[in-house]
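Overview (structure and organization)
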Amino acid sequence: MKYLGLIWSALYRKPLRSFLTLASIFVAFLLFGLLQSVSVAFSEGVDFSGVDRLIIAPKYSIIDPLPEKHAMAISTIAGVELVSHRSWFGGVYQDTNQFFPRWPVPPESFLAMYPEYLLTEAEKAAFIQTRTGAIIGRPLAETYNLKLGDKIPLIGDIWPNKDNTAWEFDLVGIYDVADESVETDQMFMNFEFFDEYRQWSQGTVGNIVAKIKDPDDSAAIALEIDRLFANSSDETKTTTEKAYNQMFANQIGDIGLIMTSILSAVFFTILLLTGNTMAQAIRERIPELAILKTIGFSNTSVLMIVLCEALLIALVGSLPGLMLAAALLAKFSQSISVFNGVELSALIVAQGVGLALLMAVIVGLPPAVRAMRLNIVDALGDH
Amino acid sequence: MAEALIEIASIAKNYHRGKVAIPVLSEISLQIDKGDFLALMGPSGSGKTTLLNLIGGLDTPTSGSISIDGERIDQLTQGKLAAWRSRHVGFVFQFYNLLPVLTAEKNVELPLLLTNLSRRERKKRALAALAVVGLQDRAGHRPTELSGGQEQRVAIARAIVSDPGLLVCDEPTGDLDRGTADEILELLQLLNREYGKTIVMVTHDPKAADHANHCLYLDKGSLSGSQTV
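Let us now look at unusual backbone geometry. With a phi angle near 65 degrees, A:Ser201 is a residue other than glycine that sits in the positive phi range. Tracing the sequence through the fold places A:Ser201 in the loop between helix H7 (191-197) and strand E10 (204-205). Take A:Ser201: there are 12 C-beta atoms within 10 Å of it, and that puts it in the exposed class. Residue B:Asp69 is not a glycine yet carries a positive backbone phi of 50 degrees. Considering the arrangement of structural elements, one finds B:Asp69 in the loop between strand E4 (63-68) and strand E5 (71-72). For B:Asp69, a count of 15 C-beta atoms within 10 Å puts it in the partly exposed group.

So this is what it looks like as structure tokens:
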């Protein structure tokens, strides 16, 4: 602690250089906080998915429709407990920036299939009985200040209605979730109304969800389902829900790989930059370090002082970066629906601090060892 | 009879350039008494600074022995030698070697960081050392805000703050004008006479050497003469 003033003073030696170094570390850790949180949010969505649910999707493209009657056929397969389906609505609410997923679903089978969406009994009944009924997650309701009984108008960009007007759904339920990893930024509306009122493709769905009695049978049942529709005009590809969500995420790229690649590039650059800065700073201070050794600082003390300087720079740069990332994510999750539930977790903060410490050691160790090995007579002689 | 503080017996010092050994000092034996003020003089390359570095424990001899106050410093490990320097020796250099980012007070306080003194006590002692050199009113100034003479006074305050018995000074007035140099030399004389510090000073300047009690001459790595001032 008594060396803190000495260590801290190193930051003031070249204020502009220190500022630029700290700024680069700050930006790197801001990016780390944001990207890592988004990456974790993606993988959490995948992890939640149950293995007792199978997704039956079109074999060749997720944008192809499947006949709704496939659901009936699947329900007859032994081991299948429940069948439901969902379709991608797309649409625009208020403006194109306010996006959240919207799915027409058959309410009764959907609620039975996904008990993790928590509604009151009255809300469940209203969703099942109201042809224009819709439910949304509570954070979404709070974001758009929506309450039960409100009308939700949607422009059908993929699915225009028969009158070519805005769709209008009645909000009959606001759901909570049983688990934090379950997405809360979605809207589900009554499929029957959607199917009757859309301009085309009546009797088709996006994909079908089947709940199976024994997860151990999932592979066999998946094979049987696909075999059932083989050589038809609407062949299927059946996977577990977990695998399907993973594949869906991969449609827009391997998020984890993209994030890791970006962060690796950022940190490699920061390592070079900070490493060079530290090495230069130590080179400039060789006479001063020699003086410290002259007046009695041991080799170990000098090593620790230089390492602590690197640590200080890493922490002073990284902690505000992580804090700003936390603040931005909190703000984004309130104002931008796709960020709903994305937060800077304690684990990511710990990873960030760990990364900062690792960076400090990698960057600080070479100059620290050089300072430790400094020969006083040579260093003072050079001066 | 005065008590010997420094006893040097037959020391030699070689430097190596590749595989070639270059002798810098050879067969030097001398004794410096406690409370003495000794000037080391000689032409450039005569080994003055090398001898001073050996006396100050900054370097170790190739052969021979150096005892300071009865302790064989040539046999100490690097770590023990560093600890010994912090307790027993104060250093003053030609170019002051102050840390530019620290105030005068913090520069002076540096050697005390190696002690177990409280922050308050360190501050008190640093200010007292600055008072001895007449700079208590410049405690909050950084080296860039001080004149050369003032910087050297701060360096002297740093050298005496932990109350070492021995001060080694390498060309302490080499970067100063005549008037300022005289002030610094008078300050060293004061520390020698009033505070009992033993001082070994390397200088090229005969007028600076006049302030010492004794003068030793080196030439080509050997003692070539002595003079009592």
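Picking up after the structure, the text goes on.
In this structure, B:Leu38, B:Leu40, B:Leu130, B:Ala157, B:Val168, B:Val200 and B:Met201 are the most contacted members of the largest nonpolar core, which totals 115 residues. Core analysis: the second largest hydrophobic core is formed by 43 residues, A:Leu54, A:Ile56, A:Leu171 and A:Ile225 among them.

Attention now moves to the sheet that holds strand E1 (residues 53-58) of chain A. Residues and elements named next belong to chain A. Sheet architecture is open: 4 strands sit in the order E3-E11-E1-E12, paired in antiparallel fashion. Two strands in the sheet have a free side with no partner beyond their single neighbour: strand E3 (80-86) and strand E12 (236-240). Averaged over all pairs of adjacent strands, the angle between their axes in this sheet comes to 25 degrees, without regard to strand direction. Bridging between E1 and strand E11 (residues 207-212) involves 4 bridges; their strand directions are antiparallel. By the bridge assignment, Ile55 is partnered in E11 with Val209. Its contacts with the sheet put helix H8 (residues 218-228) on E1, E3, E11 and E12, and the angle it makes with E12 is roughly 170 degrees.

About the cut-offs
- Residues numbered from 1 in each chain as written.
- Chains lettered and ligands numbered in written order.
- Predicted model: local features only at pLDDT ≥ 70, side-chain atom pairs only at ≥ 80, totals over all residues.
- Helix = DSSP H or I, 4+ residues; strand = E, 2+ residues; numbered from the N terminus.
- Buried ≥ 20, exposed ≤ 12 C-beta atoms within 10 Å, placed from the backbone.
- Core = buried A, V, L, I, M, F, W, Y, C linked by C-beta atoms within 7 Å.
- Pairing = 2+ DSSP bridges.
- Axes fitted to C-alpha atoms, helices over the stretch in contact; angles between N-to-C directions.
- Contact = placed C-beta atoms within 7 Å.

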